[in-house]
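# Chain and residue survey
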Amino acid sequence: MEQDIVFIDRSGMASGELNLISAALIKKAQIDSEIERLASLPVPANGRRVSLIASPDTGVGNGLTYSTAVSLCVLKPGEQTKPIRHNSSLVDFCIHGGGHAVIDGRRIEYKQYDVWTTTPWSIYQHFNDTNELQVRLSYSNSALLEKLNVHIVDDDPQVERETDAASSEAVDPTRISPYGTFALTDDGAFLMPYEKLISPDHIEVKPLHWPWEKVKAELDKFRALGTSYAGRRLYLMYDPTTGRTNGTTSTFFATLTIRPAKIVDRPHRHVSAAINYYFQGRGYSTVEGRRYEWEAGDLMLSAPGWAIHNHASKEEDVYELTIQDQPLHLALGSLLWHEDLRREPKLLGLTSGFATNRAGVEVVTGK
């Protein structure tokens, strides 16, 4: 069936204002209730007890943001999932219990608050070989791929790695361009032939694991820096294969943060969207003028893309995991970040200025 294509005349039209989605706070009690419901179900045929935590504002892909799907995954003691693979990538975070994953034959033992990645097309399974319920938050770029209508999932892959038949065959010389890739102009414009276009140089991307015990030991050193340190007290879970995009995967970065007691961030905003999971402490976030109170065990879409926001801790230190799609925007060239809005209100079109909240902290009250 042919699709009707139309021309949309935008001649002389000015660009419209952004329609920002709202921040969202999912309380620990809601998460615990869903964990209990999943655990009460009969064992699914594929072993996967999963609920998507989705915002209806993000449309196709059932994401919590436009690019990021967040799943709550539960395994009871002794259970395991069946093998699966897909062209989406994952960042997993264990919020309760432990167990292990087997990803393309590599075994990753994980405990509470460990972070690890699953690379696209990897065949993987999860196992709960503990006596506790295993609960994971799994962050995927499937929401974006589903919007593009190219999320490919193989629910019954062969566990043994498939051999690359093409690499074992002799190369057909008639299919190799005799001219190769070369510079066309002195300012750096190149030409590349078809064969290289569809078969770029291979960079091996492996699943990686950041044990919380080791990360925490480094993170806690930030405590000694005192109030004179104005930077963010966090570490990126960095995969060097992502290069200049500073990613944990090609789409996301994952950071673990220690937020000392009574620390208030500067209001800022960025094109990338951020999701926070707080696993120790209490505090609040102000997003587009609205205040959200959070505590340990809460999950929050804390920074919809381009929303003005800041965060504050209360009387105790806070630990949090942040997932943000900044590497995607760096690859697209679309990233923009305003770190301190108090300095440039006119530049950013802020018409309502600033107000002082109950804690005596300046927060942006307008757009």
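Residues numbered from 1 in each chain as written. Predicted model: local features only at pLDDT ≥ 70, side-chain atom pairs only at ≥ 80, totals over all residues. Heavy atoms only, no water.

Considering all chains together, one arrives at twelve aromatic pairs under this definition. Their ring planes at 20° and their centres at 5.9 Å tell us that phenylalanine 93 and tyrosine 113 sit as a pair that is stacked. Note that phenylalanine 93 is positioned in strand β5 (residues 90–96) and tyrosine 113 in the loop between β7 (106–110) and β8 (115–118), a separation of 20 residues in sequence. For the residue pair phenylalanine 93 and tyrosine 113, the accessibility class agrees, reading buried in each case. Taking 5.2 Å as the distance between ring centres and 80° as the angle between the ring planes, the aromatic pair formed by tryptophan 212 and phenylalanine 279 counts as edge-to-face. (Phe/Tyr/Trp six-rings, centres within 6.5 Å; stacked < 30°, edge-to-face > 60°. Helix = DSSP H or I, 4+ residues; strand = E, 2+ residues; numbered from the N terminus. Buried < 20%, exposed > 50% of the residue type's maximum accessible area, 1.4 Å probe, protein only.)

Next up on the list: helix α1 (residues 28–40). Over its 13 residues, α1 extends 18 Å from the first C-alpha to the last, a length consistent with the 18 Å expected when each residue adds 1.5 Å. All of the buried residues along α1 are Ile31, Ile35, Leu38 and Ala39. The buried residues of α1 occupy an angular sector of 95° when the element is viewed end-on, so they sit on one face. When the buried face of α1 is taken as reference, the exposed residues oriented beyond 90 degrees from it are Ala29, Glu36 and Ser40. Next to the buried residues of α1 lie β1 (24–26), β2 (49–52), β3 (69–75), β10 (134–140) and β21 (299–303). (Expected span 1.5 Å × (residues − 1). Arc of directions from axis to C-beta. Contact = heavy atoms within 4.5 Å.)

Per the stated rule, a full pass over the model turns up 23 salt bridges. Between aspartate 154 and arginine 85 there is a salt bridge, with its nearest N and O atoms 3.2 Å apart. Residue aspartate 154 is located in strand β11 (residues 153–154), and its partner arginine 85 is located in strand β4 (residues 85–86); the two are separated by 69 residues in the primary sequence. According to the relative accessible area criterion, aspartate 154 is partly exposed, its value standing at 24%. (Salt bridge = Lys/Arg side-chain N within 4 Å of Asp/Glu carboxyl O.)

Examined against the element boundaries, lysine 206 turns out to sit in the loop between α4 (194–198) and β14 (209–210). Judged by relative accessible area, lysine 206 falls into the partly exposed class, the value being 48%. Separated by 102 residues in the primary sequence, lysine 206 and aspartate 104 have C-alpha atoms spaced 9.2 Å apart. Leaving out residues up to four positions away in the same chain, lysine 206 has contacts with Thr117, Thr119 and Asp239.

Before going further, it helps to spend a moment on the nonpolar core. Core analysis: the biggest nonpolar cluster contains 37 residues, and Leu72, Phe93, Leu137, Tyr139, Leu256 and Leu299 have the highest contact counts within it. Ranked by the residues each element gives to this core, the list is headed by α1, at four residues. Excluding anything up to four places from it in sequence, leucine 72 contacts Ile31, Glu34, Ile35, Leu38, Arg49, Val50, Ser51, Ile53, Ile95, Val135, Arg136 and Leu137. If you look at the next biggest cluster of nonpolar residues, it comprises nine residues, including Ala101, Ile103, Tyr110 and Tyr124. (Core = buried A, V, L, I, M, F, W, Y, C linked by side-chain atoms within 4.5 Å.)

A contiguous nonpolar surface patch, about 450 Å² in accessible area, is contributed by Tyr179, Phe182, Leu184 and Leu191. Relative to the assigned elements, leucine 191 resides in strand β13 (residues 190–191). With relative accessibility at 38%, the residue leucine 191 sits in the partly exposed group. (Patch = residues over 30% accessible without salt bridge, like charges linked within 9 Å, V, L, I, M, F, W, Y side chains within 5 Å. Areas by Shrake-Rupley, 256 points an atom, 1.4 Å probe, with all protein chains shown as cover.)

For the rest of this paragraph, the subject is the layout of surface pockets. In this approach, a probe sized like a water molecule rolls over the atoms, and the result shows the empty space that is left. In this model, the largest pocket occupies a volume close to 920 Å³. Around the largest pocket, the lining is made up of 31 residues, and of these Thr119, Pro120, His202, Ile203 and Val205 lie nearest the centre. Residues of the lining of the largest pocket, tallied by class, amount to eight nonpolar, 14 polar and nine charged. A volume near 730 Å³ is recorded for the second largest pocket. (1 Å grid on protein atoms, 1.4 Å probe; cavity = no way out; pocket = protein on both sides within 12 Å on 5 of 7 lines; lining within 4 Å. Points joined across faces, edges and corners; volume = space filled by probe spheres on them. Nonpolar A, V, L, I, M, F, W, Y, C, P; charged D, E, K, R; others polar.)

Along the chain, the position of serine 122 falls in the loop between β8 and β9 (124–127). With near-sequence residues (within four places) excluded, serine 122 lies in contact with Ile84, Arg85, Ile103 and Asp104.

Attention now moves to the sheet that holds β3. Spatial strand order, β2-β3-β10-β5-β8-β14: six strands in an open sheet with antiparallel pairing. Looking along the sheet, the strands with just one partner apiece sit at the ends: β2 and β14. Sheet analysis places β5 next to β10, joined by six bridges and oriented antiparallel. Along β10, the bridge assignment pairs valine 91 with tyrosine 139. (Pairing = 2+ DSSP bridges.)

As a further point, take helix α5 (residues 212–219). In an α-helix, one turn spans 3.6 residues; hence positions three or four apart end up facing the same way. Of the positions making up α5, those classed as buried are Trp212, Val215 and Leu219. Considered in projection along α5, the buried side chains sweep an arc of 65° and stay on one side of the axis. Turned more than 90 degrees away from the buried face of α5 sit Glu213 and Lys214, all of them exposed. Each element contacted by the buried residues of α5 is listed here: β14, β15 (234–236), β16 (253–259), β18 (274–280) and β23 (318–324).

At asparagine 62, a position not held by glycine, the phi torsion is positive, near 50°. Position of asparagine 62 relative to the elements: it lies in the loop between β2 and β3.

The next subject is the confidence of the model for the protein. The predicted model of the protein has a mean per-residue pLDDT of 89, with 89% of residues at 70 or higher. Every residue in residues 345–367 scores below 50 in pLDDT, and together they form 44 contacts with partners more than four places removed in sequence or on other chains. (pLDDT = per-residue confidence, 0-100.)

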